[in-house]
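# Breakdown of the fold
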Amino acid sequence: MSKKCLITGASKGIGAALARQLAQQGYDLALLARTTDELDLLKRELEFHGVQIRLLEVDLTHTDKVIGAIDGILEEWDGFDVLVNNAGMGFFGDMESMSIEAWDQLMSVNLRASFLVSKYLVKGMKKRKRGHILTVASDVSKRVFAGGAAYCASKYAQDALFSALRKEVHSYGIKVSMVYPGLVDTDFHASVDEAASTWLQAEDVANAIAYILNAPKHVVIDELMIHPMSQDY
């Protein structure tokens, strides 16, 4: 039986690259994102591999819609082997100039959404005594920089959330992994940077995630930090 994986933020960047990797490996995929057109194109591409693809077109800041979408897919698939919390966003600038609305949105997507989706999938994993929750955080889960107070805070909190969850679910045979990418050349970076050609590509991070997910049953890779050689971490 094929493994089933839910990926958030799946329409582009790391999420889409990972979906391509896992589809090639025979995973059935539920892809969650806001961008309908991009999800539709990705679905048509991935179905070539003979796997099941389900689209969850929902904004992660809308709690009721997220819960409804998850309830719907759980009725059909009755659980997931893997959850990849990949969705994220960033607002940058000094703390004084950041609006309260921007702060709330950033925390809602980066922290609250990963909590929400994990909360509703972990119950089934505990019942089956297996599963893997992997969260794509950031190297700024471990460091800070000027102009990144809110973003860094969301990623530090995300790291703490899933480090605690790891301790809660270990006895159930559930793996919890964190990936901390440095600079990645994706749409996350709004401005064009000439140095981006030397950064990680989405496929580099997807390869690392797939390696973690496909580790033997007795092996758990708790944390993985990954940077381009051009980045002085």
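Just so you know, these numbers come straight off a predicted model, no measurement behind them. (Residues numbered from 1 in each chain as written. Predicted model: local features only at pLDDT ≥ 70, side-chain atom pairs only at ≥ 80, totals over all residues. Heavy atoms only, no water.)

### Some points on the layout of surface pockets
In this structure, the second largest pocket spans a volume of roughly 610 Å³. Counting residues per element, the lining of the second largest pocket draws most heavily on strand β6 (residues 174–181), at three residues. Among the residues forming the lining of the second largest pocket, the class breakdown is ten nonpolar, seven polar and eleven charged. (1 Å grid on protein atoms, 1.4 Å probe; cavity = no way out; pocket = protein on both sides within 12 Å on 5 of 7 lines; lining within 4 Å. Points joined across faces, edges and corners; volume = space filled by probe spheres on them. Helix = DSSP H or I, 4+ residues; strand = E, 2+ residues; numbered from the N terminus. Nonpolar A, V, L, I, M, F, W, Y, C, P; charged D, E, K, R; others polar.)

### As for the packing of helix α4 (residues 100–128) against helix α5 (residues 149–169)
At a minimum axis distance of 9 Å, the contact between α4 and α5 shows a crossing angle of 15°. Taken together, the axis directions place α4 and α5 in an arrangement best described as roughly parallel. When you trace α4 past α5, the crossing you get is right-handed. Contacts from Trp 103, Leu 106, Met 107, Asn 110, Leu 111, Ser 114, Phe 115, Ser 118 and Val 122 of α4 reach α5 at Ala 150, Tyr 151, Ala 153, Ser 154, Lys 155, Ala 157, Gln 158, Leu 161, Phe 162 and Val 169. Split by residue class, the contact of α4 with α5 holds 13 nonpolar, five polar and one charged. (Axes fitted to C-alpha atoms, helices over the stretch in contact; angles between N-to-C directions. Parallel < 35°, antiparallel > 145°, perpendicular 65-115°, else oblique. Left-handed = near helix turned anticlockwise from the far one by under 90°. Contact = heavy atoms within 4.5 Å.)

### Brief notes about empty space enclosed by the protein
Unfilled space is identified by rolling a water-sized probe across the atoms. All chains considered together, the criterion is met by one cavity of 30 Å³ or more. For the largest cavity, the calculated volume is near 40 Å³. Together, Thr 8, Leu 60, Asn 85, Asn 86, Ala 87, Val 109, Ala 113, Ser 114 and Val 117 line the largest cavity. The greatest single-element share of the lining of the largest cavity, amounting to four residues, is contributed by α4. Taken together, the residues that form the lining of the largest cavity break down as five nonpolar, four polar and no charged.

### Some remarks on the pairing of β6
Along β6, eight of the eight residues are buried, which leaves the element largely enclosed by surrounding structure. Side-chain alternation along β6 places Ile 174, Val 176, Met 178 and Tyr 180 on one buried face and Lys 175, Ser 177, Val 179 and Pro 181 on a second face that is also buried. Each parallel crossover has a hand, and for strand β5 (residues 131–136) linked through α5 to β6 it is right-handed. (Buried < 20%, exposed > 50% of the residue type's maximum accessible area, 1.4 Å probe, protein only. Right-handed = clockwise from strand over helix to strand, strands pointing away.)

### Some details on the packing of helix α1 (residues 13–24) against helix α2 (residues 36–46)
Interhelical geometry of α1 versus α2 gives an angle of 20° and a closest axis separation of 10 Å. Compared by their axis directions, α1 and α2 come out roughly parallel. α1 and α2 meet at a crossing whose hand is right-handed. On α2, the residues that touch Ala 16, Ala 19, Arg 20 and Ala 23 of α1 are Leu 42, Glu 45 and Leu 46. Looking at the contact of α1 with α2, its residues break down into five nonpolar, no polar and two charged.

### Overview of the pairing of strand β1 (residues 4–8)
For β1, a buried count of five out of five residues is recorded, marking the element as mostly surrounded by other parts of the structure. As paired elements, β1 and strand β2 (residues 28–33) share five bridges and run parallel to each other. Within β2, the residue paired with Cys 5 across the bridge is Leu 29. As a crossover connection, the stretch from β1 through α1 into β2 is right-handed. The pairing of β1 with strand β4 (residues 82–85) spans three bridges and is parallel. In the strand pairing of β4, Ile 7 is matched with Val 84. (Pairing = 2+ DSSP bridges.)

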